[in-house]
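# What the coordinates show
Here is what each chain is made of, one letter per residue.
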Amino acid sequence: MTELRRACPSATAADLAVPPPQLRLIVDQAALAANWRALAALSGRAETGAAVKADCYGLGIDTCAPVLLAAGCRSFFVAHWSEVRALAAHVPAEAIAVLHGPMSAADCAFARACGAVPVINSLDQARLWNATGGGRCHLMIDTGINRLGIAPAEAGDPAIAALEIDILMSHLASADEDSAMNARQAELLRALAPAIPHRRVSLANSAGIALGERFAFDLTRPGLALYGGVPRGELAPHIRPVARIEAQLLQCREIGAGESVGYNAAFTAAAPMRIGTVAIGYADGFLRQRGPGNALLHQGRALPILGKVSMDMVVVDLGPAPDLAAGEWVEVPWNLADAGQAGGLSPYELLTTIGPRLRRC
Ligand SMILES: *Cc1c(COP(=O)(O)O)cnc(C)c1O
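Residues numbered from 1 in each chain as written. Predicted model: local features only at pLDDT ≥ 70, side-chain atom pairs only at ≥ 80, totals over all residues. Heavy atoms only, no water.

## A few points about the nonpolar core
Just so we agree on the cut-off: As used here, the term nonpolar core means buried Ala, Val, Leu, Ile, Met, Phe, Trp, Tyr and Cys residues forming a set that is joined through side-chain atoms within 4.5 Å. We call a residue buried when its accessible area falls under 20% of the maximum for its residue type, exposed when it is over 50%, and partly exposed in between, using a 1.4 Å probe and counting protein chains only. The split of the chain into domains comes from an automatic or database domain assignment. Contacts were defined at the residue level, with two residues in contact if any of their heavy atoms lie within 4.5 Å.
One finds V52, L68, Y227 and I280 to be the most contacted residues of the largest nonpolar core, which totals 94 residues. Counting residues domain by domain, this core receives three or more from each of domain 1 (29-235) and domain 2 (243-359). In this structure, L68 is in contact with L32, W36, A50, V52, C73, F76, L226 and Y227, ignoring residues within four places of it in sequence. Among the nonpolar cores identified, the runner-up in size contains 8 residues, and A97, L99, V119 and I167 belong to it.

Here's what the structure looks like:
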């Protein structure tokens, strides 16, 4: 420790200006707001909320939450209690619903102290919330996804009757498919609702909004489509891309026929070629399955990826862009609608695996 201090005697790290990053995550805030408004229009008379869990699906709560609030959103959904603080810096705590609900008296005390609202998912959670003082909550009822929520048969339990329920909600299992299950879930929720005192009913996620007004109830909860994902074709004309990712070219080099590139020499040059090392890797969410067969882009020119993606770097063929030099920027395709470049990842995974170095730049 002393040695480290002596190496940098007069300035602490905090005093030094941080050099510019080698990665860029560019969030189009106008597109985010436009997507929320488009989903609000498609939700008809229902109110429109926003799923902002997992750091707004990887795009950053500090970047996205103020935009959603300004667009008119008044109901925000996170999964963990640990996500409340960062969101409450931007939106009223009473507007925050915590989907996993309380697991302990400490969770209940935290909810009451800060004002965030638990989603009750089981009779145990209902009893815990009641025993620690009750108050406004939401209730998840499971209509078929078998993940979280009370069973329909538990709806008449005294622990449920004692709750002060604002949003009575359920979650669709197959909204992104034309499945008979969608209507079954909606009709089950409609049938159960009159027996459970509540203020608002909510079912639809992004894909559910595209299923039509019988799925909208009083409040919709889009996530993916806000951030540019298109889970159903009907939404395509309404949703704009939100995220763009760029990385700096660190070095260019010439290699000869027979030379290999990267770990395990997974690529071997058949002829002399010019290659470039780019500052993005799997630690940034550019996972290995997105390597072979894919390309980075420069002004519309595809730069094929060579060999394995490393933790912090990926190597590309500069043949299509002989003018490129170290220090220039290339685009890393993060097209949520292009399953091919995703290497088998869902658009949800493409977004939420965006790495910490990108989120901080
Ligand atoms: C994540 C989530 C949503 C949002 O789903 P999308 O498919 O991203 O629109 C809505 N409701 C619940 C309960 C969720 O967990």
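## Things to note about the layout of surface pockets
Spelled out, the test is: Note on definitions: the grid is 1 Å and covers protein atoms alone; a cavity is a set of points where a 1.4 Å probe fits but cannot get out; a pocket is an open set with protein on both sides within 12 Å along at least five of seven lines; lining residues have an atom within 4 Å of a point. Grid points are joined across faces, edges and corners, and a volume is the space filled by probe spheres set on the points. Labels follow the DSSP assignment, with helices taken as runs of H or I lasting at least four residues and strands as runs of E lasting at least two, numbered in each case from the N terminus. Residues are sorted three ways: Asp, Glu, Lys and Arg are charged, Ala, Val, Leu, Ile, Met, Phe, Trp, Tyr, Cys and Pro are nonpolar, and all the rest, Gly among them, are polar.
Looking at the largest pocket, its volume works out to about 660 Å³. Taken together, 28 residues line the largest pocket, and the ones lying closest to its centre are K53, Y57, R147, H171 and Y348. Secondary structure elements with two or more residues in the lining of the largest pocket: α3 (53-57), α10 (206-209) and α11 (347-352). Mapped onto the domain boundaries, the lining of the largest pocket takes at least three residues apiece from domain 1 (29-235) and domain 2 (243-359). Space inside the second largest pocket adds up to approximately 240 Å³. Of all the elements, strand β11 (residues 243-255) adds the most residues to the lining of the second largest pocket, at 3 residues. Partitioned by chemical class, the residues of the lining of the second largest pocket number 12 nonpolar, 2 polar and 3 charged. Counting contributing residues per domain, the lining of the second largest pocket is built from domain 1 (29-235) and domain 2 (243-359), each supplying no fewer than three.

## With respect to the side chain of D317
Rules: In this tally, Asp and Glu contribute negative charge and Lys and Arg positive charge; neither His nor the terminal groups of the chain are included. Salt bridges are identified by distance alone: a Lys or Arg side-chain nitrogen within 4 Å of an Asp or Glu carboxyl oxygen. As used in this structure description, the phrase polar contact means that two N or O atoms lie within 3.5 Å; if the pair is within protein, one of them must be able to donate a hydrogen and the other to accept it, and residues adjacent in sequence are counted only when both atoms belong to side chains.
Structurally, D317 is set in strand β17 (residues 314-317). Summary of buried charges: D317 has no salt-bridge partner, and the nearest side chain of opposite charge, R274, is 8.4 Å away. Within polar-contact distance, the side chain of D317 engages the backbone nitrogen of G319 at 2.8 Å.

## Considering the site of the ligand
This is how it is decided: It suffices for a single heavy atom of a residue to lie within 4 Å of a molecule or strand for the residue to be listed as near it. Each accessible area is a Shrake-Rupley result for a 1.4 Å probe, and residues are judged covered by the shown protein chains and nothing else.
In the vicinity of the ligand there are 14 residues, among which K53, Y57, S206, L224 and Y348 approach most closely. A distance of 2.5 Å separates an oxygen atom of the ligand from a polar atom in the side chain of Y348. Summarising the interface, the protein chains cover 93% of the accessible area of the ligand, which totals 390 Å² for the free molecule. Across the shell around the ligand, the residue classes break down as 7 nonpolar, 4 polar and 3 charged.

## Details of the pattern of salt bridges
Under the definition given, this model contains 17 salt bridges. A salt bridge links D284 to R357; the nearest nitrogen and oxygen atoms lie 2.9 Å apart. In this pair, D284 sits in the loop between β14 (273-278) and β15 (295-298) while R357 sits in helix α12 (residues 356-359), placing the two residues 73 residues apart along the sequence. Exposure remark for R357: the relative accessible area of 38% places this residue in the partly exposed category. Within the structure, one salt-bridge network assembled from shared partners comprises E47, R136, D166, R199 and R200.

## Let's talk about the domain arrangement of the protein
The following threshold applies: Throughout, buried area stands for the accessible area (probe radius 1.4 Å) lost by two parts on being put together, summed over both.
On domain assignment, one finds that the protein holds domain 1 (29-235) and domain 2 (243-359). Once you take the C-alpha centre of each, domain 1 and domain 2 turn out to be 37 Å apart. Around 800 Å² of area is buried between domain 1 and domain 2 when both sides are counted, 71% of it from carbon and sulfur atoms. Of all residues in domain 1, the largest losses of buried area upon contact with domain 2 belong to Y57, G58 and L224, amounting jointly to 51% of the total for that side. Where domain 1 touches domain 2, the interface holds 1 salt bridge. A salt bridge links D55 to R359; its shortest N-O distance comes to 3.2 Å. Between the two partners, domain 1 and domain 2, sit 1 residue pair in polar contact (both at pLDDT 80 or more). Of the residues in the side of domain 1 that touches domain 2, the class split is 5 nonpolar, 3 polar and 1 charged.

## Some words on the environment of A71
With respect to the helices, strands and loops of the structure, A71 is situated in helix α4 (residues 61-71). When its relative accessible area of 17% is taken as the criterion, A71 is described as buried. Not counting residues up to four positions away in its chain, the partners in contact with A71 are A33 and W36.

## Focus: the packing of aromatic side chains
Quick note on the threshold: Aromatic pairs are defined between Phe, Tyr and Trp rings, using the six-membered ring for Trp, whenever the two ring centres lie within 6.5 Å; interplanar angles under 30 degrees are classed as stacked, those over 60 as edge-to-face, and all others as tilted. Charges are assigned to positions over rings by a cutoff of 6 Å between ring centre and Lys NZ or Arg CZ, combined with an angular limit of 35 degrees from the ring normal.
Under the counting rule described, the total for this entry stands at 4 aromatic pairs. Between F286 and W334, the aromatic rings sit 6.3 Å apart at their centres with planes inclined by 50 degrees, giving tilted as the arrangement. Of the two residues, F286 sits in the loop between β14 and β15 while W334 sits in the loop between β18 (329-332) and α11, which places them 48 residues apart along the sequence. Here F286 and W334 have matching classes, each one buried. Aromatic rings pair up to connect Y57, Y227 and Y348 into one cluster. The positively charged end of R24 is found above the aromatic ring belonging to W329, 3.6 Å away from the centroid.

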